[in-house]
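Examining the three-dimensional arrangement
As a plain string of letters, each chain reads:
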Amino acid sequence: MTETNAFEMVASRIGAVCDKLKLKDTHRLRLEKCERELTVNFPVRIDDGTVKVFTGFRVLHNDTRGPAKGGIRYHPDVTLDETRALAALMTLKAAVVNIPYGGAKGAVICNPKLMSQGELERLTRRYASEISILIGPERDIPAPDVGTNPQVMAWIMDTYSVLKGYSVLGVVTGKPIGVGGSRGRFGATGRGCMVTAKLAAKQLNIDFQGATAVVQGFGNVACSAAKLLAADGCRITAISDSKGGTYNPKGLNLESLLNYKKQTGSVVGFADSESVTNTELLALPCDILVPAAIEDQIVKANAPDVKARIIIEGANAPTTPEADEILNDNGVFVVPDILANAGGVVVSYFEWVQDLQAFFWSEDEVNHQLQRVMESAFGEVLEMSQSEKVDMRNAAYMLAIKRIADAMEARGIFP
Ligand code: NAD
């Protein structure tokens, strides 16, 4: 479904915003490239005794504002180009919410759904040791993304610690609580979506109580966003996974749906509701649409069908630039990925701070600080959007790129 090459798409948005901000060419040229890219091909013993060679990447886009931060994706279709694009989005995301990080991303081309726990552990440990020359708490700090989870982070932390000869809690975030994880991390991205959805609804004078929401995806981000939106009064009318979606205009019972998915492996066919395709789901009538699955879901072809008044981009890059223009023309209020799904990196930052200080916070403290950061970032992006008369995505890019350019200016060029 990709309409343009993924990194080109992000780089051209960055370039356009740099021009709008009248930045020096050097700043634009630096942001249009990734600073460091590592490709690794490494062997993993499979359960049947054979050996397979896997390919992985770790890309650091920019670390002007601090150590690089970004998830690790395990997916059969992931590419170096996509990893670059995701790394660049991380640089911007950290700058929008004003946390002292640069951006990075990692990936391994594999299908974790078809691998045993033993195979996944061996793959993860070998990948971690291959990229250990780049990562570290003061350099580049991975976290979970699609296809990886807290267990994978614990294996990376353990492998890195074995290589160092002592425990290094701060090398990854999104870890289990017992090995330096943060309370509130698992649901943090979804919580950030909920906070921005509420602020967007307020901006558009939509009563959040009883507002209807459609969520694409049923993973970490989608599930936590759906639960928190429902807990705060929204009616979740549709939800989907990779096999399709389920729709009930009266509202879905999320607990029953979770159990149904556990039993059957999908949300499709859930009782008292209508099955819909992912394309149909995106065009359902609702106040708030949360694409929280994968990229390139709202494209030129289906953007005119979107009926939502607000889009909260839980996923990274779910909307293509062509689709964005159509949504803007149709008056849809889009809270862009680098703001809407920044809750995860914010609590990852809190986790890293807690690891470095060896002092851990309560869940209430984490949620309170997350809300404070998200509200402040939303307010700053909205202000930029109003003062510069641009949409929220351009405003978020402008705010982020201005912060990065100011940091580049302050640091200068060495030597
Ligand atoms: P996940 O693996 O937990 O969930 C992904 C979900 O997407 C699953 O429910 C899967 O069934 C669904 N899916 C896969 N292919 C699909 C398709 N073709 N159509 C519809 N649904 C499909 O991943 P996640 O961590 O929830 O991440 C989801 C998105 O959010 C990704 O874009 C990720 O980069 C982004 N994100 C995640 C975090 C985080 O903290 N996990 C933070 C920021 C952004």
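Provided above is the structure to which this section pertains.
Below, the structure is looked at part by part. (Residues numbered from 1 in each chain as written. Predicted model: local features only at pLDDT ≥ 70, side-chain atom pairs only at ≥ 80, totals over all residues. Heavy atoms only, no water.)

1. What about the overall build of the protein?
Of the regular secondary structure elements, the protein holds 14 helices and twelve strands. Over its C-alpha atoms the protein spans a radius of gyration of 20 Å, differing by no more than 12% from the 22 Å that the globule rule assigns to 415 residues. Reported as C-alpha extents along the three principal axes, the dimensions of the protein are approximately 55 × 55 × 40 Å. Across the 415 residues that make up the protein, the buried fraction comes to 58%. (Helix = DSSP H or I, 4+ residues; strand = E, 2+ residues; numbered from the N terminus. Rg over C-alpha atoms; globule rule 2.2 N^0.38 Å. Buried < 20%, exposed > 50% of the residue type's maximum accessible area, 1.4 Å probe, protein only.)

2. Some points on the sheet that holds strand E1 (residues 36–45)
Hydrogen bonds between backbone groups are what pair the strands of a sheet, and the pairing can be parallel or antiparallel. Read from one edge to the other, the open sheet built from five strands follows the order E1-E2-E4-E3-E5, with strand pairing classed as mixed. Edge positions in the sheet fall to E1 and strand E5 (140–144), since each has one partner strand and no second. Averaged over all adjacent pairs, the angle separating strand axes in this sheet is 25°, with direction ignored. Summarising the sheet, E1 and strand E2 (residues 51–62) pair through ten bridges and their orientation is antiparallel. Looking across to E2, one finds that Arg-36 is bridged to Leu-60. (Pairing = 2+ DSSP bridges. Axes fitted to C-alpha atoms, helices over the stretch in contact; angles between N-to-C directions.)

3. A few points about the site of the ligand
By nearness alone, 23 residues border the ligand, and Asp-145, Thr-189, Phe-218, Val-221 and Asn-316 come closest of all. In the environment of the ligand, an oxygen atom lies 2.8 Å from a nitrogen or oxygen atom belonging to the backbone of Phe-218. At 3.1 Å, a backbone N or O of Ser-242 approaches an oxygen atom of the ligand. Contact with the protein chains removes 83% of the 830 Å² of surface that the ligand exposes when unbound. (Near = heavy atom within 4 Å. Polar contact = N/O pair within 3.5 Å; in protein donor to acceptor, adjacent residues only side chain to side chain. Areas by Shrake-Rupley, 256 points an atom, 1.4 Å probe, with all protein chains shown as cover.)

4. As for the packing of helix H7 (residues 220–231) against helix H8 (residues 254–264)
With their axes 11 Å apart at the nearest point, H7 and H8 run at an angle of 160° to one another. Taken as axis vectors, H7 and H8 run roughly antiparallel relative to one another. Packed against H7, whose contacting residues are Cys-223, Ala-226, Lys-227 and Ala-230, the element H8 presents Leu-254, Glu-255 and Leu-258 at the interface. (Parallel < 35°, antiparallel > 145°, perpendicular 65-115°, else oblique. Contact = heavy atoms within 4.5 Å.)

5. Digging into the sheet that holds strand E10 (residues 288–291)
Strand order across the open sheet formed by seven strands is E9-E8-E7-E6-E10-E11-E12, with mixed pairing between neighbours. The open sheet has two edge strands, strand E9 (274–276) and strand E12 (333–335), and neither has a second partner. Between one strand axis and the next, the sheet turns through 20° on average, direction left out of account. Of the pairings in the sheet, the one linking strand E8 (residues 244–247) to E9 comprises three bridges and is antiparallel in character. Across the sheet, the residue bridging to Gly-245 is Val-276, located in E9.

6. As for the pattern of salt bridges
Two side chains carrying opposite charge are able to pair once their charged atoms lie near each other. For the structure on display, the rule yields 24 salt bridges. With its nearest N and O atoms 3.4 Å apart, the salt bridge here joins Arg-28 to Asp-19. Its salt-bridge partner being Arg-84, residue Glu-37 comes within 2.7 Å of it at the nearest N-O pair. Note that Glu-37 is positioned in strand E1 and Arg-84 in helix H3 (residues 80–96), a separation of 47 residues in sequence. For Glu-37, a relative accessible area of 38% corresponds to the partly exposed category. Relative accessible area serves as the criterion here: at 22%, Arg-84 is assigned to the partly exposed category. (Salt bridge = Lys/Arg side-chain N within 4 Å of Asp/Glu carboxyl O.)

7. Brief notes about the environment of Ser-132
Take Ser-132: it is sitting in the loop between helix H4 (117–131) and E5. We classify Ser-132 as buried; its relative accessible area is 17%. Linking Ser-132 and Ala-85, residues 47 residues apart in sequence, is a C-alpha distance of 22 Å. Apart from residues lying up to four places away in sequence, Ser-132 is in contact with Arg-139, Tyr-160 and Leu-163. Polar contacts involving the side chain of Ser-132 include one to the main-chain carbonyl oxygen of Ser-129, which spans 2.7 Å.

8. Focus: the side chain of Gln-354
Tracing the chain through its elements places Gln-354 in helix H12 (residues 343–357). Judged by relative accessible area, Gln-354 falls into the buried class, the value being 0%. A polar side-chain atom of Gln-354 sits 3.0 Å from a polar atom in the side chain of Ser-182. In this structure, Gln-354 is in contact with Ser-182, Phe-359, Phe-360, Trp-361 and Val-366, ignoring residues within four places of it in sequence.

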